[in-house]
Amino acid sequence: MRFSKMFIPTLREAPADAEAVSHVLMLRAGYVRQLAAGLYIFLPLGWRVLDRIDAILKEEMESIGAQEISMPILHPAEIWQQTGRWDTIGGEMFRLKDRNERDFCLGMTHEEIMTWLASKEIRSYRDLPQIWYQIQTKLRDEARPKSGVLRTREFIMKDSYSFDADEEGLERNYQAHAEAYHRIFNRCGLRFMQVESDPGMMGGGYSHEFMAPSPAGEDQVAVCPGCGYSANVELALSVPVKTQDIGLPGEEVHTPDKRTITEVSRFLKLGPEYFIKSVLVMSDNGPALALVRGDQEVHEKKLSIVIGRHRPAQKAEVKEILGVEAGFIGPMGHRNIRIIADTCLKEGTYVSGANRQHYHIKGIKAEQDFTAEWHDIHIAKQGDACVKCGAELLIERVIEIGNIFKLGTKYSAALKAVFLDEHGDERPVIMGSYGIGPARIAAAAIEQRHDKDGIIWPRSIAPFDVELIPLNMNDPGTVETAEQLYRLLAAERLEVLMDDREERAGVKFKDADLIGIPTQVIIGEKNLKNGLIEIKDRTTREAVSVKIEEVVGKVMDLIKTPS
RNA sequence: CGGGGCGUAGCGCAGCCUGGCUAGCGCACCUGCCUUGGGAGCAGGGGGUCGGAGGUUCGAAUCCUCUCGCCCCGACCA
């Protein structure tokens, strides 16, 4: 491909409204353009990258027996109503009506439609297992699109769905996907990890996410360097650093107008880890009191797993329900209210509100002074101990690049996707669903691999294998050599981009580094006089000069080296 | 949805507070000359509903009201 013929609108300056590195570089290097918030156009270079990622996805999906199909993006409402998600999903779903006023939505995901198909076609255990997948556009009216291509309202997703007769089959397909995902992300040159995750509203009880570490990510994971335990902080278990039990004497103390942990802590000259933080929340099943140590925070998701949907109580509600102003709440003496306490409070002696205006109380002990349901409901922090091996946890920011869910029978039961087993009994199909976002792979690759000059693509997903850079297009020798090398490299089935523009050398070098093709072949007049061509590695910036006839061999060597 | 910021040429910005000549600068773009190993130089040139609507005023990019869009933080996130 010739640079002069290809649409590669590079930008010298970054558009002001791009923040994330991948966003800035994709815009500057001419990979994408923004149409509106969360809507992106993929330009020729960007689309080539997605193509190469898709090719890897397809190979690895086919290798575990998945079959590619394609489903509509426009979905009739009835199917989503049958699974209940038409109502449970809020503004995130794009909804519309056809000319006959029939309700439709744009697909945010395809569990419903895949399951509908299974319900029509799968009859017998002999039809199972099946894995169907597609690489298809999804639409979600995101509350806040952000970070360029990382969180958009329209995006392409590789989504696969497994259908099994039993749990063992699901487990096999789940593991097959996990392994395929490892191969995919490795091939795409990403640093990544597999972590336990919250299945959320997908239902089912088991899921993992694949995470690429990057400061641009919006998720956080806790990782144990000791035993390898890793989980999304939404559910990561951890043991907060233990406090010394200083055996506070039980006494009520006057704490006028000291409401927050910080205020009381300062007033009593006692560290926040010696306090119990009591937070009243309103759940669908009434109020509940959540207790964590004073230096910890309640994790809403973790609490949701215990008590379901909830929101913080308002000040007036606290007074009405507990009979005391927020700020002086303690865990003692409440009836008819659920109390959920963080596990770390089982040990130790604490200070808490006295349930009496302007008073706190010292010497509070679990079981002696209050009882509660014990769960890990605090936010895991850097330095907390791993629940499995005790090593210090690390907290890392990550980009979610893929996920795998065990769905069980949630969708098959709702949509009556059933089969007859060996005994002639009708049973719902057991399902799993598995997603990967190709654009996120591309963005994560850029986030993880770039320098001040631009993108550094892994070879596997670069838009081209080699960029040929004839420095002076007015020099007939340069042009002739470039054309010759272009033919030779193309004959090796390499994808070659030749910068044949009438531009000065500096411009070509800058654009080449920006665009990030892993290997640069530079044809300069002076080198050429000595029969030499320069081959430069985008990653290491190492350049070697070789004889013209050795160029192809050297390039092929480079391409075999991992990147 | 709450908080903050920003909309002036393709990109980056100045001008706005304190209204007043033809709305300006850098880069990019076009023509010519020149140049060809890290975003050259000289000369000439094109490009603007100042996001939109309404208002105040003799006069609005500038002041007021409404509105649309984009970005960031938070909430949310199959």
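This one's a predicted model, so the numbers in the text were calculated from it and none came from an experiment.

Our focus in this paragraph is the overall build of chain A. Along the backbone of chain A there are 15 helices and 31 strands. Its C-alpha atoms put chain A at 95 × 65 × 50 Å along the principal axes. Taking all 563 residues of chain A together, the buried fraction comes to 54%. Sequence separation of 24 or more characterises 68% of the internal contacts of chain A that already satisfy a separation of 6 or more. Working note: accessible area of chain A is about 25,700 Å², and carbon and sulfur atoms make up 50% of it. Both charge centroids of chain A, one from 71 positive and one from 85 negative side chains, sit 3 Å from each other.

The subject of this paragraph is the sheet that holds strand β14 (residues 276-283). Read across the open sheet, the five strands follow the order β16-β14-β15-β17-β20; overall the sheet is mixed. Looking at strand neighbours, the two that pair on one side only are β16 (310-312) and β20 (373-375), the edges of this open sheet. Mean inter-strand twist for the sheet, computed between neighbouring axes without regard to direction, equals 35°. The sheet contact formed by β14 and β16 spans three bridges and is antiparallel. Within β16, the residue paired with V281 across the bridge is P312. Seen against the sheet, helix α9 (residues 315-322) touches β14, β15 (286-293) and β16 and runs at an angle of roughly 100° to β14.

Moving on to the domain arrangement of chain A. With domains assigned, chain A is organised as domain 1 (3-236 + 395-446), domain 2 (252-372) and domain 3 (464-560). Computed over C-alpha atoms, the centres of domain 2 and domain 3 are 68 Å apart.

The next subject is the pairing of strand β30 (residues 532-537). Judged from the four bridges that link them, strand β29 (residues 519-523) and β30 form a sheet pairing that is antiparallel. For T519, the partnering residue across the bridge sits in β30 and is D537. With five bridges joining them, β30 and strand β31 (residues 543-547) adopt antiparallel strand pairing. Each bridged residue has a counterpart across the sheet, and for E534 the counterpart in β31 is S545. The turn joining β30 and β31, which pair antiparallel and follow one another in sequence, is formed by five residues; a positive phi near 65° is taken by R541.

As for its position among the elements, H299 is in the loop between β15 and α8 (300-307). Setting aside anything within four residues of it in sequence, one finds H299 in contact with V233, E234, I377, H378 and I379.

Here we take up the packing of aromatic side chains. Per the stated rule, a full pass over the model turns up 11 aromatic pairs. For the ring pair F192 and F210, a centre distance of 6.4 Å and an interplane angle of 40° mean the geometry is tilted. Remark: F210 occurs in strand β10 (residues 206-213) and F192 occurs in the loop between α6 (167-187) and β9 (193-196); sequence separation between them is 18 residues. Of the two residues, F192 and F210, both sit in the buried class. Among the aromatic residues, those joined into a ring-pair cluster are Y181, F185, F192 and F210.

Spatial ordering of the open sheet is given by β28-β27-β29-β30-β31, a layout of five strands whose pairing is mixed. On the outer flanks of this sheet lie β28 (496-498) and β31, each paired with one strand and no other. The sheet shows a mean angle of 25° between the axes of neighbouring strands, direction not considered. Here three bridges tie strand β27 (residues 466-470) to β28, and the two strands are oriented parallel to one another. Note that in β28 the partner of E467 across the bridge is L497. Against the sheet, helix α12 (residues 476-491) makes contact with β27, β28, β29 and β30, and its axis sits at roughly 165° relative to β27, the strand it touches most. In the packing of helix α15 (residues 551-560) onto the sheet, contacts are made with β27, β29, β30 and β31, and the angle to β30 comes to roughly 10°.

Here helix α1 (residues 21-28) crosses helix α11 (residues 438-448) at 100°, and the two axes come no closer than 8 Å. Our classification of the angle between α1 and α11 gives roughly perpendicular. Taken together, the residues of α11 that come into contact with α1 (itself represented by V21, S22, L25 and M26) are A442, A443, I446 and E447. Looking at side-chain class alone, the contact of α1 with α11 contains six nonpolar, one polar and one charged residues.

Procedures and definitions
- Residues numbered from 1 in each chain as written.
- Chains lettered and ligands numbered in written order.
- Predicted model: local features only at pLDDT ≥ 70, side-chain atom pairs only at ≥ 80, totals over all residues.
- Heavy atoms only, no water.
- Helix = DSSP H or I, 4+ residues; strand = E, 2+ residues; numbered from the N terminus.
- Buried < 20%, exposed > 50% of the residue type's maximum accessible area, 1.4 Å probe, protein only.
- Contact = heavy atoms within 4.5 Å.
- Areas by Shrake-Rupley, 256 points an atom, 1.4 Å probe, with all protein chains shown as cover.
- Lys, Arg positive; Asp, Glu negative; His and termini not counted.
- Charge placed at Lys NZ, Arg CZ, Asp CG, Glu CD.
- Pairing = 2+ DSSP bridges.
- Axes fitted to C-alpha atoms, helices over the stretch in contact; angles between N-to-C directions.
- Domains from an automatic or database assignment.
- Phe/Tyr/Trp six-rings, centres within 6.5 Å; stacked < 30°, edge-to-face > 60°.
- Parallel < 35°, antiparallel > 145°, perpendicular 65-115°, else oblique.
- Nonpolar A, V, L, I, M, F, W, Y, C, P; charged D, E, K, R; others polar.

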